[in-house]
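# Working through the structure, step by step
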Amino acid sequence: MGPAQAPAPMNAPDPALARALRQNPPRSGLHRLWKRVSRAIGDRLPKGLYARSLIIIIAPVVLLQSVIAYTFMERHWQLVTKRLSAAVTADVAALIDIYESYPQDKDADTLSRIAGERLNLDLDILKGAKLPPPGPRPFFSILDEALSDEIQRQIRRPFWIDTVGRSNLIEIRVAIPDGVMRITARRSQAYASNSHIFLVWMIGSSLVLLGVAILFLRNQIKPILRLAAVAEGFGKGREIEFRPRGAREVRQAGHAFIEMKRRIERAMEQRTTMLNGVSHDLRTILTRFRLSLALIEQTDEIEDLTRDVDEMSRMLEGYLAFARGDSAEPATPTDMRSLLQDLRTDVERLGAHVSAVDLAGAPEVTVRPGAFRRCLFNLASNAARYGETVAISGRLEARAFLVSIDDDGPGIPPESREAVFKPFVRLDDARQDAGGSGLGLAIARDIARAHGGDITLQDSPLGGLRATVRVPA
């Protein structure tokens with residue numbers, strides 16, 4: 001017998017669990033909080049490229065200017081103001097010491113003269129006076145704060161100061177044994193009054209540089225926006241003249257789009273040419289059938305064959321129209337009022353009663369008129385086939401034009417409304433092309449989507465079905 005194997009430890013980790021933990025490590029609460037905060041910030045940020053580029057330029061400049069301004073205010077402006085205030089306070093303390101040390105100058109005339117000539121201070125002794133009541137402190141005054149701190153530190157007597165009463169002067173009153181000493185000094189002696197010039201220059205130069213950067217950025221973003229507009233227009237079937245401009249990468253994207261557009265148009269042209277050839281050959285054969293049947297004695301069997309040939313002709317036209325599409329037709333401004341009136345006439349020819357044709361909004365919308373007319377006719381003919389009354393309405397919304405076609409027919413169940421748009425699909429209760437090729441609604445939705453829109457089906461106020469076509473205005 002071989003050597004005995006040691007039993008596996010009771011607390012050995014599961015290899016599958018360890019592998020899962022390595023691939024998906026548990027996230028801490030801080031990581032989840034960061035994800036939630038970043039998602040909230042991202043939702044509030046602008047979505048446009050131009051606005052985001054502006055933020056990329058402006059945010060660092062504003063942050064840098066804020067740091068510089070804070071550093072300047074904290075280290076330079078406050079420091080200079082504090083030193084100037086300390087010097088003025090030292091002069092005031094010296095005048096108080098001289099006044100109290102040499103009482104022979106009772107009226108302080110000599111002291112006032114020395115203060116005015118040597119220290120540029122205006123000194124008055126108000127005997128028997130008291131300090132005024134303290135006033136409200138300014139909301140933001142570096143001078144008031146620095147001067148008060150220095151007087152408390154150097155003089156250590158009750159005082160009263162006014163730094164806002166007169167714009168170019170400051171007044172200091174200090175209590176002395178026989179009254180109050182009032183000193184008036186120029187603001188520039190205790191305050192760095194020209195320091196704001198630095199901030200003005202800094203902000204002004206930043207605004208100028210940001211303006212230049214925004215102009216350059218706008219010129220760089222404009223070709224990208226133009227490319228996006230041309231691509232969207234091409235998707236809607238509109239022909240827009242486009243020449244690549246801007247930076248090298250943007251021009252490369254523009255040339256790539258032009259080449260892709262040419263390939264798509266070439267492929268569509270080849271498909272159309274092929275389908276035209278096929279349709280010509282098939283129509284030739286069907287024409288021969290018709291001629292042969294016309295020359296044969298007309299019997300019931302011949303009439304049935306003639307109807308079959310006509311049905312084959314209609315089905316062939318439907319298949320070719322669905323495969324070929326109407327992309328070759330240019331998009332032009334189309335009078336919707338006239339188009340809806342023509343649609344009303346076509347529906348009435350089918351034997352249905354059109355109760356109303358309503359149009360709200362601008363009458364002109366840029367569409368491919370032939371294709372759009374066919375889209376509406378397919379929906380209206382479907383409504384006329386299953387209903388006795390049809391209502392047509394059009395309205396212009398913010399950026400879209402909507403046409404609604406209502407009928408009083410049996411309708412379509414909600415769970416089957418998407419299925420009827422599939423090619424060759426027919427429902428048991430047949431709302432889609434009964435006796436036709438099964439392509440009417442498929443062609444209609446294909447045309448609507450080629451315009452950049454879509455078709456939706458809903459319950460109609462008339463009791464049947466409402467088909468709404470939505471295309472960009």
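Quick notes on the rules
Residues numbered from 1 in each chain as written. Predicted model: local features only at pLDDT ≥ 70, side-chain atom pairs only at ≥ 80, totals over all residues. Heavy atoms only, no water. Helix = DSSP H or I, 4+ residues; strand = E, 2+ residues; numbered from the N terminus. Polar contact = N/O pair within 3.5 Å; in protein donor to acceptor, adjacent residues only side chain to side chain. UniProt positions renumbered as here; feature names shortened; annotations may be inferred. Pairing = 2+ DSSP bridges. Axes fitted to C-alpha atoms, helices over the stretch in contact; angles between N-to-C directions. Contact = heavy atoms within 4.5 Å. Expected span 1.5 Å × (residues − 1). Buried < 20%, exposed > 50% of the residue type's maximum accessible area, 1.4 Å probe, protein only. Phe/Tyr/Trp six-rings, centres within 6.5 Å; stacked < 30°, edge-to-face > 60°. Lys NZ or Arg CZ within 6 Å of the ring centre and 35° of its normal. Patch = residues over 30% accessible without salt bridge, like charges linked within 9 Å, V, L, I, M, F, W, Y side chains within 5 Å. Areas by Shrake-Rupley, 256 points an atom, 1.4 Å probe, with all protein chains shown as cover. Salt bridge = Lys/Arg side-chain N within 4 Å of Asp/Glu carboxyl O. pLDDT = per-residue confidence, 0-100.

With that settled, the discussion passes to the side chain of Glu171. With respect to the secondary-structure elements, Glu171 resides in strand E3 (residues 169-176). For Glu171, the side chain forms a polar contact with the side chain of Arg173, separated by 2.6 Å.

What follows concerns the UniProt feature "transmembrane region" (unreviewed entry) in the chain. In the numbering adopted here, UniProt assigns the feature "transmembrane region" (unreviewed entry) to residues 49-73 and 196-217. Counting secondary structure, residues 196-217 comes out at 100% helix and 0% strand; the distance between its end C-alpha atoms is 31 Å.

Across the sheet, 5 strands lie side by side as E6-E8-E9-E11-E10; this open sheet has mixed pairing. Each of the sheet's edge strands pairs with one partner strand only, and the pair in question is strand E6 (353-360) and strand E10 (454-459). On average, adjacent strands in this sheet sit at an angle of 15° to one another, irrespective of strand direction. Bridge analysis of E6 against strand E8 (residues 389-396) gives 7 bridges, and the strand direction is parallel. Across the sheet, the residue bridging to Val357 is Ile392, located in E8. Helix-sheet contacts for helix H11 (residues 440-450) involve E10 and strand E11 (465-472), and the interaxial angle to E10 is about 125°.

Ordered in space as E1-E4-E3-E2, the 4 strands form an open sheet in which the pairing is antiparallel. The open sheet is flanked by strand E1 (121-127) and strand E2 (159-162), the only strands paired with a single partner. Averaged over all pairs of adjacent strands, the angle between strand axes in this sheet comes to 15°, irrespective of strand direction. Bridge analysis of E2 against E3 gives 4 bridges, and the strand direction is antiparallel. For Phe159, the partnering residue across the bridge sits in E3 and is Val174. In the packing of helix H5 (residues 142-154) onto the sheet, the strands contacted are E2 and E3, and the crossing angle to E2 comes to about 160°.

Moving on to helix H10 (residues 369-386). Given 3.6 residues per turn, any residue in an α-helix points the same way as the ones three and four places further on. In this model H10 runs 26 Å from its N-terminal to its C-terminal C-alpha over 18 residues, within 8% of the 26 Å that 1.5 Å per residue would give. Of all the residues in H10, the buried ones are Ala371, Phe372, Cys375, Leu376, Asn378, Leu379, Ala380, Ser381, Asn382, Ala383, Ala384 and Tyr386.

In this section: the packing of aromatic side chains. Taken as a whole and judged by the stated rule, the model has 2 aromatic pairs. Considering the side-chain rings of Phe242 and Phe257, the 6.3 Å spacing of their centres and the 80° angle between planes classify their relative orientation as edge-to-face. With Phe242 in the loop between helix H6 (196-235) and helix H7 (248-295) and Phe257 in helix H7, the pair connects residues that are 15 residues apart, well separated along the chain. Both residues of the pair, Phe242 and Phe257, belong to the buried class. Note that Arg445 overlies the ring of Phe421, its terminal NZ or CZ placed 3.8 Å from the centroid.

On to a nonpolar patch on the surface, then. On the surface, Leu30, Leu33, Val37, Ile41, Leu45 and Ile55 cluster together to form a nonpolar patch covering roughly 520 Å² of accessible area. Of the residues forming the nonpolar patch, the biggest block, 4 residues, is contributed by helix H2 (residues 29-44). For Leu33, a relative accessible area of 44% translates into the label partly exposed.

Mapped onto the elements of the fold, Ala175 is located in strand E3. Between the alpha carbons of Ala175 and Pro158 there is a distance of 5.6 Å; along the sequence they are 17 residues apart. Each residue touching Ala175, except ones within four places of it in the same chain, is listed here: Leu131, Arg157 and Pro158.

The next point concerns the confidence of the model for the chain. Low-pLDDT stretches of the model should not have their predicted coordinates read in fine detail. Considering every residue of the chain, the mean pLDDT works out to 80; 86% of them sit at 70 or more. Note on residues 1-10: pLDDT is under 50 here. Beyond four places in sequence and across chains, it has 0 contacts. This stretch, residues 428-435, has a pLDDT under 50; its non-local contacts, to residues over four places away or in other chains, come to 30 contacts.

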